[in-house]
Amino acid sequence: MKAIKKITSTAVPLNIENVDTDQIIPARFLKATNREGFGKNLFRDWRYENDDEQKPRSAFALNDPRYTGKILIAAKNFGCGSSREHAAWSLKDYGFDVVVSSFFADIFKNNALNNFLLPVTVSDDFLNEIYAVVEQDPSTPIKVDLESQEISFYGHDKKELKERFEISPYKKTCLINGYDDIDYLLSMKEEITAFENKSITYQNAI
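What counts, and at which threshold
- Residues numbered from 1 in each chain as written.
- Predicted model: local features only at pLDDT ≥ 70, side-chain atom pairs only at ≥ 80, totals over all residues.
- Heavy atoms only, no water.
- Salt bridge = Lys/Arg side-chain N within 4 Å of Asp/Glu carboxyl O.
- Helix = DSSP H or I, 4+ residues; strand = E, 2+ residues; numbered from the N terminus.
- Buried < 20%, exposed > 50% of the residue type's maximum accessible area, 1.4 Å probe, protein only.
- Contact = heavy atoms within 4.5 Å.
- Pairing = 2+ DSSP bridges.
- Axes fitted to C-alpha atoms, helices over the stretch in contact; angles between N-to-C directions.

**Q** Would you explain the pattern of salt bridges in this entry?
**A** Note on pairing: side chains with opposite charge can pair once their charged atoms come close. Considering all chains together, one arrives at 12 salt bridges under this definition. Arginine 84 is paired through a salt bridge with aspartate 22; the nearest N and O atoms lie 3.1 Å apart. Of this pair, arginine 84 sits in the loop between strand E3 (71-74) and helix H3 (86-94) while aspartate 22 sits in helix H1 (residues 21-24), and the two are 62 residues apart along the sequence. Notably, a salt bridge pairs arginine 44 with aspartate 51, separated by 2.6 Å at the nearest N-O pair. Relative accessible area serves as the criterion here: at 7%, arginine 44 is assigned to the buried category. A residue is classified by how much of its surface remains accessible, and aspartate 51, at 34% relative accessible area, is partly exposed. Members of the salt-bridge network, linked through shared partners, are Arg28, Arg44, Asp45, Asp51 and Glu53.

Dropping the structure here:
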């Protein structure tokens, strides 16, 4: 997976609360066993009239040509519902690297992190500020700095607004270095070997 350190991008605003995983990727598209190809069916039932790709809903954010970018701005309680990992797969496959919300369902959040999709939790006020600015000016860049754990953008008055977000140190290390769980263990090989040798030495001394 590609490492995530700093991302500066325009954003797609999805101002809908309580978006569950079945809305993110409907159950009828869960037959594939690899992670590729799910992006085309992201928010399928919201993107098209009667499941017809020839009839996109123009009012839906992903169909609005004004909004593009690697960052999805989502409303409160994003990713609730079933635990399907395909929700994170579909967002990542579509091209998103970051999802910003004021609250994520725990299982979705973990699935996202495991698939190099960074969930950034911000305050309700900060989220509302992002919506207001992006909807008024879709070209507004949003900066997400994982190393400093800060998200920032410039408001209507050209003043920079920023907020710190939390992430587990372990997942932060994995994302910054492009590690999955196995890669992380391999990166600790020397430390693990040293610990094993120390344990053997201690046991032999007893």
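**Q** Whenever I open this one, the environment of glutamate 150 confuses me. Can you help?
**A** Mapping glutamate 150 onto the fold places it in strand E7 (residues 150-154). Taking the C-alpha atoms as reference points, glutamate 150 and arginine 164, 14 residues apart in sequence, are found 4.3 Å from one another. If we ignore the near neighbours within four places in the chain, the residues touching glutamate 150 are Lys143, Val144, Asp145, Lys162, Glu163, Arg164 and Phe165.

**Q** So what exactly am I meant to see when it comes to the pairing of strand E6 (residues 142-145) here?
**A** Walk down a regular strand and you will see the side chains alternate between the two sheet faces. The pairing of strand E1 (residues 6-9) with E6 spans four bridges and is antiparallel. In the sheet register, threonine 8 faces E6, and the bridge partner there is lysine 143. Counting the residues that bridge the hairpin from E6 to E7 gives four residues, and of these glutamine 149 lies at a positive phi of roughly 55°.

**Q** Explain the sheet that holds E7 here, please?
**A** Note on sheets: strands pair through backbone hydrogen bonds, and any given pair is parallel or antiparallel. Across the sheet, four strands lie side by side as E1-E6-E7-E8; this open sheet has antiparallel pairing. The sheet is open, and its two borders are formed by E1 and strand E8 (160-164), each paired with just one other strand. Averaged over all neighbouring strand pairs, the angle between strand axes comes to 15°, with direction disregarded. Those strands touched by helix H5 (residues 124-136) are E6, E7 and E8, and its axis lies near 40° from that of E7.

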